[in-house]
Amino acid sequence: MDLAEYKGVYVIAEQFEGKLRNVSFELLGQGRKLADGIGDEVGAVLIGYNVKPLAQELIAHGAHKVYVYDDEKLANYNTTAYSKVLCDFFHEVKPNVFLVGATNIGRDLGPRVANSLKTGLTADCTGLSVDEDGKTIVWTRPALGGNIMAEIICPDNRPQMGTVRPNVFKKPEADPSATGEVIEMEAKLSDADFMTKFVELIKMGGEGVKIEEADVIVAGGRGMNGAEPFVGGGILKELADVLGGAVGASRAAVDAGWIDALHQVGQTGKTVGPKLYIACAISGAIQHLAGMTGSDCIIAINKDEDAPIFKVCDYGIVGDAFEVVPKLTAAIKAAKGMA
Ligand SMILES: Cc1cc2nc3c(=O)[nH]c(=O)nc-3n(C[C@H](O)[C@H](O)[C@H](O)COP(=O)(O)OP(=O)(O)OC[C@H]3O[C@@H](n4cnc5c(N)ncnc54)[C@H](O)[C@@H]3O)c2cc1C
């Protein structure tokens, strides 16, 4: 393989129901930095049906080029068909780097493409940089239960690939005046490329704000002692509602069956990056911190003044969450004229 033939840092843009996922923009921001570091350009690959109008949004967030596969057959995500499209793209355009969001779709698609192309993929990265050689991407991810950060490279094969968790990097500001190239591509698909058939979309998690998209998260841990604080009428849910936010949880609370795993924050849960994260009765284990230290502002409420969560918070309240949280809610209601 002549590595010099492979150029461009490409983000696999993910859209759902005609809306680009935030992680695509976050990856473009990072892709741009990597591309600058290796003297290359950054682009995006956009797959779906009626998705061409989204290309300008990708350009506004940093893409120099957007390759669009717009085809009715690609209206719903399909593992084998989307993989085929990306493998064809690789053979035709010869990209150097593929950045994929570590979403449900990205975690399904990335490894399949990497395996088909016989290259390496670093999953669930939390850091990206360029090696001293000025051309190899260094993929950083937690390893050994989060106790070490491993740096992984793919020096001999292309594309260099990794999945990156949503909310790890900040979304860059959009520049609506940015210009770039939109290249329409043809998806060469036959029935044999679809090994599964889309039947119906069943949305999980019910209504309400999802933690990965929330600006405010009120999270509870083992010290909340039961399911009640997490649900309607409970103290965590009430504080979250007053702030227009979502309820999150530590794994201890999820494992206890107090709240659904969709709300779990941390290494084996979601990575979140809200403007405000209020951690209530959560000790601050490293696996929990892995999912929330990207928050703009962290408030910790814990009755143990030595709890590790106080080392990462912006504001710490030593006290009983069952006393502090209702007082906080009442004060916010009063300040908002809701009392
Ligand atoms: C491979 C692996 C992956 C993991 N992934 C995750 C993950 O994704 N997310 C995650 O959260 N954890 C994860 N964990 C578990 C993690 O190690 C901790 O066990 C877990 O985060 C602890 O949850 P906690 O802070 O709620 O409970 P604890 O550590 O038991 O802490 C409870 C805290 O509540 C305080 N407290 C008690 N009562 C009150 C009160 N009334 N008011 C105020 N404070 C009070 C206590 O002082 C204590 O600090 C993982 C572990 C492993 C090994």
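These numbers come from a predicted model, not from an experiment.

Conventions used here
Residues numbered from 1 in each chain as written. Predicted model: local features only at pLDDT ≥ 70, side-chain atom pairs only at ≥ 80, totals over all residues. Heavy atoms only, no water. UniProt positions renumbered as here; feature names shortened; annotations may be inferred. Helix = DSSP H or I, 4+ residues; strand = E, 2+ residues; numbered from the N terminus. Pairing = 2+ DSSP bridges. Axes fitted to C-alpha atoms, helices over the stretch in contact; angles between N-to-C directions. Contact = heavy atoms within 4.5 Å. Near = heavy atom within 4 Å. Polar contact = N/O pair within 3.5 Å; in protein donor to acceptor, adjacent residues only side chain to side chain. Areas by Shrake-Rupley, 256 points an atom, 1.4 Å probe, with all protein chains shown as cover. Nonpolar A, V, L, I, M, F, W, Y, C, P; charged D, E, K, R; others polar. Buried < 20%, exposed > 50% of the residue type's maximum accessible area, 1.4 Å probe, protein only. Domains from an automatic or database assignment. Buried area = accessible area lost by both parts, 1.4 Å probe. Phe/Tyr/Trp six-rings, centres within 6.5 Å; stacked < 30°, edge-to-face > 60°.

### A closer look at the UniProt feature "domain: Electron transfer flavoprotein alpha/beta-subunit N-terminal" (unreviewed entry) in the protein
Here's step 1: Mapped onto the present numbering, the UniProt feature "domain: Electron transfer flavoprotein alpha/beta-subunit N-terminal" (unreviewed entry) falls at residues 9–198.
Here's step 2: Between the end C-alpha atoms of residues 9–198 there is a gap of 31 Å, over a span that is 27% helix and 31% strand.

### Brief notes about the sheet that holds strand E7 (residues 121–125)
Here's step 1: Read from one edge to the other, the open sheet built from seven strands follows the order E7-E11-E6-E1-E4-E5-E12, with strand pairing classed as parallel. The strands lining the two open edges of the sheet, one partner per strand, are E7 and strand E12 (181–185). Averaged over all adjacent pairs, the angle separating strand axes in this sheet is 20°, with direction ignored.
Here's step 2: Pairing geometry for strand E1 (residues 9–13) and strand E4 (residues 42–48), over five bridges, is parallel. Across the sheet, the residue bridging to isoleucine 12 is valine 45, located in E4.
Here's step 3: Contacts from helix H1 (residues 22–38) reach E1, E4, strand E6 (97–101) and strand E11 (160–164), with the element oriented near 175° to E1.

### Thoughts on the site of the ligand
Here's step 1: The local shell around the ligand holds 25 residues, among which Arg222, Ser250, Thr268, Ser283 and Gln287 are the closest.
Here's step 2: Within the contact set of the ligand, a nitrogen atom lies 2.6 Å away from a side-chain nitrogen or oxygen of threonine 268.
Here's step 3: Lysine 303 places a polar main-chain atom, nitrogen or oxygen, 3.2 Å from a nitrogen atom of the ligand.
Here's step 4: Burial of the ligand by the protein chains amounts to 77% of its free accessible area of 990 Å².
Here's step 5: Those elements that provide at least two residues to the shell around the ligand are helix H6 (251–255), helix H7 (286–289) and helix H9 (321–335).
Here's step 6: The residue inventory of the shell around the ligand, partitioned by class, reads seven nonpolar, 13 polar and five charged.

### Some points on the environment of valine 216
Here's step 1: Structurally, the position occupied by valine 216 is in strand E13 (residues 216–220).
Here's step 2: Classification of valine 216 as buried rests on a relative accessible area of 11%.
Here's step 3: Taking the C-alpha atoms as reference points, valine 216 and glycine 245, 29 residues apart in sequence, are found 4.5 Å from one another.
Here's step 4: The residues contacting valine 216, other than those within four sequence positions of it, are Leu243, Gly245, Ala246, Pro274 and Leu276.

### Some details on the domain arrangement of the protein
Here's step 1: Its domain assignment divides the protein into domain 1 (3–193) and domain 2 (216–336).
Here's step 2: Between domain 1 and domain 2, the C-alpha centre-to-centre distance is 33 Å.
Here's step 3: Taken together, the contact pairs seven residues of domain 1 with 12 residues of domain 2.
Here's step 4: For the pair domain 1 and domain 2, the two sides together bury roughly 690 Å², of which 34% comes from carbon and sulfur.

### Here we look at the packing of aromatic side chains
Here's step 1: Applying the stated criterion to the full structure yields seven aromatic pairs.
Here's step 2: Considering the side-chain rings of phenylalanine 89 and phenylalanine 98, the 6.1 Å spacing of their centres and the 25° angle between planes classify their relative orientation as stacked. Exposure class is identical for phenylalanine 89 and phenylalanine 98. Each is buried.
Here's step 3: Following the ring pairs from residue to residue traces out a cluster consisting of Tyr10, Tyr67, Phe89 and Phe98.

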